[in-house]
Amino acid sequence: MNYLMLILAAASLASLLALHITCRQENEKTAMRRSAWAAIIVPTIFIVLIVLPLPAVVLSVFVSFIGAVGLILIIPTGKSQGFPKHQPQGRIDERTIMFSRAALKPESENFEKYYELHPEHRQFDDRFRRLPGLMSPKSGKFEPLSFAAAAASFETVEQLASLIDGPVESEPRNIPPEQATRFVKGWLKKLGAVSSGVTLLKDEHLYTVKGRGEKWGQPINLKHRFAIAFSVEMDHRQLGTAPNGPTLMESAEQYLNAGAMAVQVAVFIRKMGWAAEAHIDANYKVICPLVGRDAGLGEIGRMGLLMTPELGPRVRLGVITTDLSLIPDKPGYDPSVLHFCSLCRKCADICPPGAISHQPREMHEGSLRWKIDSEACFTYWCATGTDCGQCMKVCPYSHPDTMIHSWVRWGIRNSFIFRHFALRMDDWLYGRKPEPMAPASWIPSRR
Ligand code: SF4
Ligand code: SF4
């Protein structure tokens, strides 16, 4: 029995040291401290139990207990009842989303028209308009370098707008759909996508009416047959600084990366003789998380973002719609994510203005989902000057795609008991409401 106890002591030491090294690499200070203590305390308990003159039966019961707990955690009990798949039944008017409302110029024709249509939004919107605003030097988290870097990325995205759509440049070349799909996905991966997928373009993916730019108020009638969705990673450390400037800088940078990739692929498809349109920051005709889910990239979680299996919500999405024939992927539906979100609520707890619901999914605009209070969220952004990102930062799915976190993600998919365990561990290791991380040394810190 003592040998078994020694093996357990060695195994616990090795795994806790591996955890500590992972936390160190991820610059997670609280987790580093806690995992170091655990790596001292847990193996010591085993050694003390070996040294103490305990009857063999006590050690047997102890070892059996440890074995039973380990087994219970890995037995597949993954099926989560009570989290049915739900497709949205209707479409959304892009004019009603916060970015469109924020882009309205007071006293302009569109401004007056919008609040005639939606007088119920006027009071909320007047509130955020009284605040300094996103990227404002007067905002609470202003820091000149990261704010200017974010503005530079957003301005560069704007330059891509002229390429999002355009005439096809040749007679259509017939490429077998398998080959076309493989090529587009392979190229996206090479360009930096973490994942990509294809879906048939559905009515509910589209906004009803354009809410931004020159085409404000025009109905959206996009007839492309397919949509390609892909994700790009947001840097873990920069997001860890949320709600400070480096998070905004990272968001803008990944909007730019996703936008550039989407535009490149759309131009390529048009050169092959098929209609294609890129959907990029400030120029969306589609709701990216819905397209991403139907293209098999993940499931939509409590904060309304797409939760990818690799990086959770710590991604930005890009979409290209096209008539090029492609092979659709199996739509994403992961009840384990929905179950985990129903237990977790970590994003809801940290959200400063309380914009994320603590309640179960409810029907909103024909869709069973968690709906965030986008007015409260955006108003907070207008005070801080950044796009906050604290919900994304604390999400247990947002950890880097390392061996340890992949193993935890597997456990979460595999077992509903493991989900409870993983959540407790995440809270203990990282804290329920962690402080912002320090940014990389070349970025000025404002904590
Ligand atoms: S923080 Fe928790 S509740 Fe929120 S999206 Fe992530 S897993 Fe779901
Ligand atoms: S970005 Fe910030 S304010 Fe908005 S929902 Fe997330 S935590 Fe809340």
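Residues numbered from 1 in each chain as written. Chains lettered and ligands numbered in written order. Predicted model: local features only at pLDDT ≥ 70, side-chain atom pairs only at ≥ 80, totals over all residues. Heavy atoms only, no water.

The geometry of helix 2 (residues 29-51) relative to helix 17 (residues 416-430) is characterised by a closest axis approach of 7 Å and an angle of 105 degrees between their N-to-C directions. Here helix 17 runs roughly perpendicular to helix 2, going by the angle between their axes. Along the contact surface, helix 2 presents Thr-30, Ala-31, Arg-34, Ser-35 and Ala-38, while helix 17 presents Asp-427, Trp-428, Leu-429 and Tyr-430. When its residues are assigned to classes, the contact of helix 2 with helix 17 shows 5 nonpolar, 2 polar and 2 charged. (Axes fitted to C-alpha atoms, helices over the stretch in contact; angles between N-to-C directions. Helix = DSSP H or I, 4+ residues; strand = E, 2+ residues; numbered from the N terminus. Parallel < 35°, antiparallel > 145°, perpendicular 65-115°, else oblique. Contact = heavy atoms within 4.5 Å. Nonpolar A, V, L, I, M, F, W, Y, C, P; charged D, E, K, R; others polar.)

This brings us to the domain arrangement of the protein. Taken domain by domain, the protein consists of domain 1 (1-74) and domain 2 (94-392). One C-alpha centre belongs to domain 1, the other to domain 2, and the line joining them spans 44 Å. (Domains from an automatic or database assignment.)

Now for the site of ligand 2. As a matter of local geometry, ligand 2 sits amid Cys-351, Pro-353, Ile-356, Cys-377, Tyr-380, Trp-381, Asp-387, Cys-388, Gly-389 and Cys-391. Per-element tally for the shell around ligand 2: the top contributor is helix 14 (residues 374-384), with 3 residues. Per-class residue counts for the shell around ligand 2 are 8 nonpolar, 1 polar and 1 charged. (Near = heavy atom within 4 Å.)

On to the pattern of salt bridges. Applying the stated criterion to the full structure yields 19 salt bridges. In this structure, Arg-95 engages Asp-93 in a salt bridge whose closest nitrogen and oxygen atoms are separated by 2.8 Å. By relative accessible area, which is 13% here, Arg-95 ends up buried. Each of Lys-346, Asp-349, Asp-426, Asp-427 and Arg-432 takes part in salt bridges that share partners, so that together they form one network. (Salt bridge = Lys/Arg side-chain N within 4 Å of Asp/Glu carboxyl O. Buried < 20%, exposed > 50% of the residue type's maximum accessible area, 1.4 Å probe, protein only.)

Attention shifts here to the packing of aromatic side chains. Taken as a whole, this structure holds 15 aromatic pairs when the rule is applied. With centroids separated by 6.0 Å and ring planes inclined at 85 degrees, the aromatic side chains of Phe-99 and Phe-378 adopt a geometry described as edge-to-face. With Phe-99 in helix 4 (residues 98-103) and Phe-378 in helix 14, this residue pair connects regions lying 279 residues apart in the sequence. Residue Phe-99 is classed as partly exposed on the basis of its relative accessible area of 35%. Under the relative-accessibility criterion, Phe-378 is labelled buried at 6%. Taken together, a centroid distance of 5.0 Å and an interplanar angle of 85 degrees make the contact between Phe-128 and Phe-378 edge-to-face. Of the two residues, Phe-128 is situated in helix 6 (residues 122-129) and Phe-378 in helix 14; the sequence distance between them amounts to 250 residues. Its end group placed over the ring of Trp-216, Arg-95 keeps NZ or CZ at 5.3 Å from the ring centre. Taking NZ or CZ as reference, Arg-122 lies 5.1 Å from the ring centre of Tyr-115, over its face. (Phe/Tyr/Trp six-rings, centres within 6.5 Å; stacked < 30°, edge-to-face > 60°. Lys NZ or Arg CZ within 6 Å of the ring centre and 35° of its normal.)

A word on helix 14. Most of helix 14 sits out of view: 8 of its 11 residues are buried. Tucked into the core, helix 14 has its buried residues touching helix 4, helix 6 and helix 7 (144-159). At the C-terminal side of helix 14, Gly-385 shows a positive phi close to 90 degrees.

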